[in-house]
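Spelled out from the first residue to the last, the chains are:
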Amino acid sequence: MDVLNDKNTSIIGIWGMGGVGKTTLLEEIRRQAGEKKLFDMFFMVTVSQTPNFESIQQKIADMIGLEFTEKTPEAKAERLRWRICEMLKEKKLLFLVDGVWGEIDLEKKVGIPYGENYKGSRIVLTSRSRDVCDQMGCKPTYQVEGLNDDEAWGLFKGIVGEIVESADRKHIAKRIVGKCGGLPLAIKAVANPLKEKSLSHWEVCISELKGQNLKSVVREALQFSYDYLSKPYAKEMFLLCCLFPEDEVIDIQDLFRLGLGFGLFQNTTTLDTAMAEADVLVDYLKSSSLLLESDREGSVLMHDVIREFAISVASRDKHLFLVGTHQEFICWKRNHAFTRCTAVSLQIDVVPEFPYEWECPELELLKLEGKDKQPLVLPSNIFKRMEKLRVLSMTDIQMMSLPASFEDLKSLRTLCFYKCLLKDISIIGELKNLEILSFCDCDIEELPKEIEKLTNLRFLELTNCKNLRLVPSSVICNLSNLEGLYMRSFSQWKVGKDNASVEDLKKLSSLVALEVCIPNDNLWPDDLVFRNLTRFKISVGDAFYHEDEHLFSHSSKILELKTNTTFKEGFNMLLKIAGVIHIEGTNALHNLNEYNSPLLKCLIIKKCQEMKYAIDTTKSAPLIVFPLLEILEICDMDNLQELYLGMLLRESFGELRKLILKGLPQLMNVWKNPTEHASLQKLRVLGVSCCHKLKSIFSLYMVRDLVQLQEMKVSQCEALEYIIDGERNGDGHENLFPQLNRLELENLPKLQRFMSSLNALATSANCGSGVLEPFFNNQIAFPKLEFMIFSNIDGVREIWTSKFRLEMSFPQLRLLNLGSLLNLTHFWNMNSNENIHMEIVPAVEDNARRLIEFPCLQYITLEKLPIFESFQMGGHALFDGKVAFPSLKRLTLSSVPKLMHVWENMDGPPAHVSLQNLISLDIGYCDTLKNVVSCERDKTMAAAEEIEVGRNTAEVIIFPALETINFHNLPNLTSFFARNGTLFDEKVAFPSLKELNLYGVHKLMHVWENMDGRPAHVSLQNLFSLDIVDCDTLKNVVSCERDKTVAVAEEIEAQGNTTGLIIFPALEVIHFHNLPNLTSFFVENGTLFDEKVCTFL
């Protein structure tokens, strides 16, 4: 992991044969780098043998919230590169690129910048070839050689179980593991089939593993695993997966459609049971290590080595699958391979010259995948000789019309279009035996009336067809055998005389799966009741024209309902069986007792103004309420007073992970005493806002149950005084929030402390005597807190005292953001008479003294703190020698008017303890700021680093990583370091500085000064942009007392003479505006640029 911290390393290569564990190693690198906080963001992408650069770009864009407006891959790459470059100004990014087969320009093709100009970017890539790593410029490279004997045995034993230690198994198990050559893929492939099998099966395994090299061992191991697939259709389902492009995320629904049309699931009688069977088979293949988990819900992956094996199996014997690209298609034509094949999967990079007729009498499945909806013209007779074709799938293709021979596909059962642009498709109506018809993500404006003739159709999908305007009523009415109808993107119900109405759905008596979006509840007939639905996503009301994938992942039964009337019978039926419910705007809902379903996973209630209690058990015996509920959101309900009234049994809300309460002005309590009622032991996320009667969030008894709480955000609660209302005796701390990672407190005008004071009388006495009550006391700790954000909290005057266990609450703190705290004067008060509990680390100087260290803190933002002066009470600068931030990357100070200095070096440790990783420094509207770094005596300044100039050495504070400085509206700033008139002198250097912005620094006379032989160019070598505006007294950018002392940054020979130059080798942008006293760039001679200055603009 050390190499990831090396600033001179930009791209690292990992190579080894397929199946050796390169991808697993990448995932482990990501995990460890995440745990050690080495990077701010991680991106893991797969390239594959035939790279889909747009897919890679989209995956990265989704992770950073970037929406492309560009159309071409090249334009997207440039846009992505620009965005990542902006992020690199503040963040460190790690790109994990798996499966590189050849040399690729990642910056040009994808948009991933790397190299010496992008120090915050690291790439770790994997390849089967060391040559590819060398071609990519990887330094260093590492070979993955497989597991050692102990690791291999541990992996095998972990899968098979303790039986491997038995006397009759251990020797043969050792032989099996030995034959696998330390390859994890091979070990998993043979271990899974051997679980719970007799000894004879183990002996068969030994006899079949006889390869002479590792590649053949992998193949034999996979063959053994394949042969042992015992579930019906498992082998066929496995082979179907190889028809998808390499490393593509495979949607299980796509597998189901292909499989049903291909003749799988014949032992099922309904579409619903077939879907369930597909899910079972996929789980079975995953447990056999033949398929991999995907990070996307409802999908899987196939390892590229396993895919190669599957293709080889599918291409022999009776299967005869052909899987390839346009180039391979040409070879197939020459060799007449089509005449015997049963399945073809073709990726079309360029429009191929299809033969007029395909001689494919045995073909049952054809999968064509284009690119960028490229136009495709198929010969009219292309399907003439495909009498047995059962499945046809087309992806990313533009077709103005379908060929005439389409009507000859009498055996076709499944027809799928994905991301296609389609015009005239009326000929589909001739496919009388069609059972599955899908137009997913297609650009299609109307469904042709001819589809009404498809009376055998069982599944119709129109998902995400955003331009769909017409679905003829006769189509829905005549498809009486439909079991699955997916058309959430269609909203034109009963618009115009020909469009379908919701009334038409009553004709679909066989329906078990339904996805629709109805814009108005009035369109739903009173007598429309679905009693047989097992899967549904039904939205009623104009608020739900969106796809919340995270919400939908919780269940296959989802109801979103916006209505201001009494629930219709059809709604009540669905409410009782739904797994996700979102209700908004009804006045007919008084409580949720009637919908207390043990199946409910997610419940969102909004704007139900008649509800006073979400649950009311006062008229019944205590209940178990929502035992499996994971998400509860209650918002914008003016009359809600309590979440529950009465008694709840302990199991109630036992699985609740997320609780959001927003816009509840009458709410009196978040939760009642858990010793008598349900507790929230699994709660991870809590959000409370606009609940103006709340005086506290938790009781002390309740908060002890919140052992898994990770995020807490409380905002805009006008009466809130404490987060925790409760006292306890003693001075010791209590680890009340062991997992809390993020704490946000915003717009809480009456909030005074995190926990109410032990003694109200003592509090009053302290306030009267001028003693400040700290926000945190010594009774609480946050050992895993990373993000702390406070804003607009008038009651906070001091954050903590020396009794607070700092090392137990903030060892992981990464971000500190304090804004609009009008009465905050300092962070803490270290009283020398008190017992010190704070973390002590060795001081830098010989005279050791206490140094408070925040080891992980990277981002500090202080804004609108009108009376704030220093980190510690009584200090003369924001940070003195008693505090250090060794990981600090970004410091932002805005509107802190009493701040005079940022760092102070006095009789102790140097400021550079907090400077070594600083990347960005932004200071504005600090009216009294005089210097950034202040020192009482120059001779006491400790050297961060010594720089030799000529024969002299001088003590210098170096900001080695600082790239951006923004100073704006600082009327009294005279210098960076303890001098007047010049911003930067010989005591400070910025070797990485790229961008310098100075706005409204009115007392500034010079930016750089060369004195006593110290060159300004130490800070100029990487400067890219220089922006100076509204600096009234600025005379020169670079000033020098004596021309003869100017150090030569670079010697240029001209006519036999050498001339001392100050060179800005990287400077590309200069912007000067409203500088009334500027006379020259270098010394005062009336010329902006003279022979002493050289730039490369």
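Just so you know, these numbers come straight off a predicted model, no measurement behind them.

1. Focus: the overall build of the chain
- Scanning the chain from terminus to terminus reveals 21 helices and 59 strands.
- Here the chain holds 1097 residues, and the buried ones make up 54% of them.
- As presented, the chain carries roughly 45,800 Å² of accessible surface, and 46% of it is formed by carbon and sulfur atoms.

2. So, the sheet that holds strand E8 (residues 299-301)
- Within the open sheet, the three strands sit side by side as E6-E8-E7. Their pairing is antiparallel. Of all the strands in the sheet, the pair left with one neighbour each is strand E6 (250-251) and strand E7 (292-293).
- The pairing of E6 with E8 spans two bridges and is antiparallel. By the bridge assignment for E8, Asp251 is matched with Ser299.

3. Side note on the confidence of the model for the chain
- Residue-level pLDDT values for the chain average 82, and 83% of them are 70 or greater.
- Counting contacts from residues 728-733, a segment whose pLDDT is below 50, to residues more than four positions away or on other chains yields 14 contacts.
- This stretch, residues 1042-1059, has a pLDDT under 50; its non-local contacts, to residues over four places away or in other chains, come to 26 contacts.

4. Looking at the side chain of Lys889
- The topology assignment puts Lys889 in the loop between strand E40 (883-884) and strand E41 (890-894).
- Side-chain polar atoms of Lys889 contact the side chain of Asp40, separated by 3.1 Å.
- Every residue in contact with Lys889, bar those within four places of it in the chain, is listed here: Asp40, Glu90, Lys92, Gln858, Tyr859, Asn917, Leu918, Ile919 and Ser920.

5. A word on the packing of helix H11 (residues 234-241) against helix H12 (residues 252-261)
- At a minimum axis distance of 10 Å, the contact between H11 and H12 shows a crossing angle of 120°. It follows from the interaxial angle that H11 and H12 lie oblique. H11 and H12 meet at a crossing whose hand is right-handed. Counting all contacts with H11, which are made through Met237, Leu240 and Cys241, the residues of H12 involved are Leu255, Leu258 and Gly259.
- Looking at side-chain class alone, the contact of H11 with H12 contains five nonpolar, one polar and no charged residues.

6. Examining the nonpolar core
- By size, the foremost hydrophobic cluster in this structure holds 216 residues, and its most contacted members are Ile428, Phe439, Phe737, Phe776 and Phe967.
- Broken down by element, this core gets its largest block of residues, four residues, from strand E12 (residues 391-401).
- Setting aside residues no more than four positions away along its own chain, Phe439 makes contact with Phe417, Leu422, Ile425, Ile428, Ile444, Leu447, Glu461, Leu462, Thr463 and Cys465.
- Formed by 92 residues, the second largest nonpolar core is a distinct cluster that contains Ile14, Ala186, Ile206 and Val323.

7. Some thoughts on the sheet that holds strand E1 (residues 11-15)
- With parallel pairing, five strands are arranged side by side in an open sheet as E2-E3-E4-E1-E5. In this open sheet, the two strands that pair with only one neighbour each are strand E2 (41-46) and strand E5 (141-143). Within the sheet, the average angular offset between the axes of one strand and its neighbour, ignoring direction, is 15°.
- As paired elements, E1 and strand E4 (residues 121-127) share five bridges and run parallel to each other. Counted as the bridge partner of Trp15 is Ser127 from E4.
- Running at roughly 160° to E2, helix H2 (residues 53-64) makes contact with E2 and strand E3 (93-98) of the sheet.

8. Digging into the pattern of salt bridges
- Under the definition given, this model contains 42 salt bridges.
- Residue Lys506 pairs with Asp527 through a salt bridge whose shortest N-O separation is 3.1 Å. Of this pair, Lys506 sits in the loop between strand E17 (484-487) and strand E18 (513-518) while Asp527 sits in the loop between E18 and strand E19 (535-540); the two residues are 21 residues apart in sequence, bridging distant segments of the chain.
- We classify Lys506 as partly exposed; its relative accessible area is 33%.
- Here Asp527 falls in the exposed class, since its relative accessible area comes to 51%.

9. Some details on the pairing of E12
- The buried count for E12 comes to eight of 11 residues, which makes it a mostly enclosed element.
- Taken together, the five bridges between E12 and strand E13 (residues 414-418) define a ladder with parallel strand orientation. By the bridge assignment for E13, Leu392 is matched with Leu415.
- Direction of pairing for E12 relative to strand E14 (residues 421-424): parallel, over a ladder of three bridges. Its bridge partner being in E14, Met399 is matched across the sheet by Leu422.

10. Considering helix H9 (residues 199-208)
- Considered for burial, the residues of H9 that qualify are Trp202, Cys205 and Ile206. All buried residues of H9 project into a common sector of 100° when viewed along the axis, lining one side.

11. Digging into unusual backbone geometry
- Geometrically, the link from Lys139 to Pro140 is a cis peptide bond, its omega value of 5° lying close to zero.
- Here Pro140 is to be found in the loop between helix H5 (130-135) and E5.
- The phi dihedral of Gln716 falls on the positive side, at around 55°, and the residue is not glycine.
- In this structure, Gln716 sits in the loop between strand E29 (711-715) and strand E30 (722-725).
- The class of Gln716 is partly exposed, set by a relative accessible area of 40%.

12. Digging into the side chain of Asp254
- Topologically, Asp254 is positioned in helix H12.
- A polar contact of 3.2 Å, which involves the side chain of Asp254, links it to the side chain of Tyr418.
- Sequence-distant contacts of Asp254, that is, excluding residues within four places in its chain, are made with Phe244 and Tyr418.

13. Some points on helix H8 (residues 184-194)
- Burial of H8 is extensive: 10 of the 11 residues sit out of reach of the surface.
- Packing partners of the buried residues in H8 comprise helix H6 (149-160), helix H7 (170-179), H9, helix H10 (214-227), helix H13 (271-287) and helix H14 (304-314).
- Just downstream of H8, Glu196 is the residue with a positive phi angle, here 60°.

14. Regarding the packing of aromatic side chains
- Per the counting criterion, the structure on display carries 49 aromatic pairs.
- Ring plane angle 85° and centroid distance 6.0 Å describe the contact between Phe854 and Phe871, whose orientation is recorded as edge-to-face. Here Phe854 is found in the loop between strand E37 (852-853) and strand E38 (859-863), whereas its partner Phe871 is found in strand E39 (residues 870-872), with 17 residues between them in sequence.
- On the basis of relative accessible area, Phe854 is assigned to the buried category, the value being 3%.
- For Phe871, a relative accessible area of 3% corresponds to the buried category.
- Residues Phe871 and Phe879 carry aromatic rings whose centres are separated by 5.8 Å and whose planes lie at 55° to one another, so their mutual orientation is tilted. Summarising the burial analysis for this pair, Phe871 and Phe879 share the class buried.
- Its end group placed over the ring of Phe787, Arg742 keeps NZ or CZ at 4.9 Å from the ring centre.

Rules and cut-offs
Residues numbered from 1 in each chain as written. Predicted model: local features only at pLDDT ≥ 70, side-chain atom pairs only at ≥ 80, totals over all residues. Heavy atoms only, no water. Helix = DSSP H or I, 4+ residues; strand = E, 2+ residues; numbered from the N terminus. Buried < 20%, exposed > 50% of the residue type's maximum accessible area, 1.4 Å probe, protein only. Areas by Shrake-Rupley, 256 points an atom, 1.4 Å probe, with all protein chains shown as cover. Pairing = 2+ DSSP bridges. pLDDT = per-residue confidence, 0-100. Contact = heavy atoms within 4.5 Å. Polar contact = N/O pair within 3.5 Å; in protein donor to acceptor, adjacent residues only side chain to side chain. Axes fitted to C-alpha atoms, helices over the stretch in contact; angles between N-to-C directions. Parallel < 35°, antiparallel > 145°, perpendicular 65-115°, else oblique. Left-handed = near helix turned anticlockwise from the far one by under 90°. Nonpolar A, V, L, I, M, F, W, Y, C, P; charged D, E, K, R; others polar. Core = buried A, V, L, I, M, F, W, Y, C linked by side-chain atoms within 4.5 Å. Salt bridge = Lys/Arg side-chain N within 4 Å of Asp/Glu carboxyl O. Arc of directions from axis to C-beta. Phe/Tyr/Trp six-rings, centres within 6.5 Å; stacked < 30°, edge-to-face > 60°. Lys NZ or Arg CZ within 6 Å of the ring centre and 35° of its normal.

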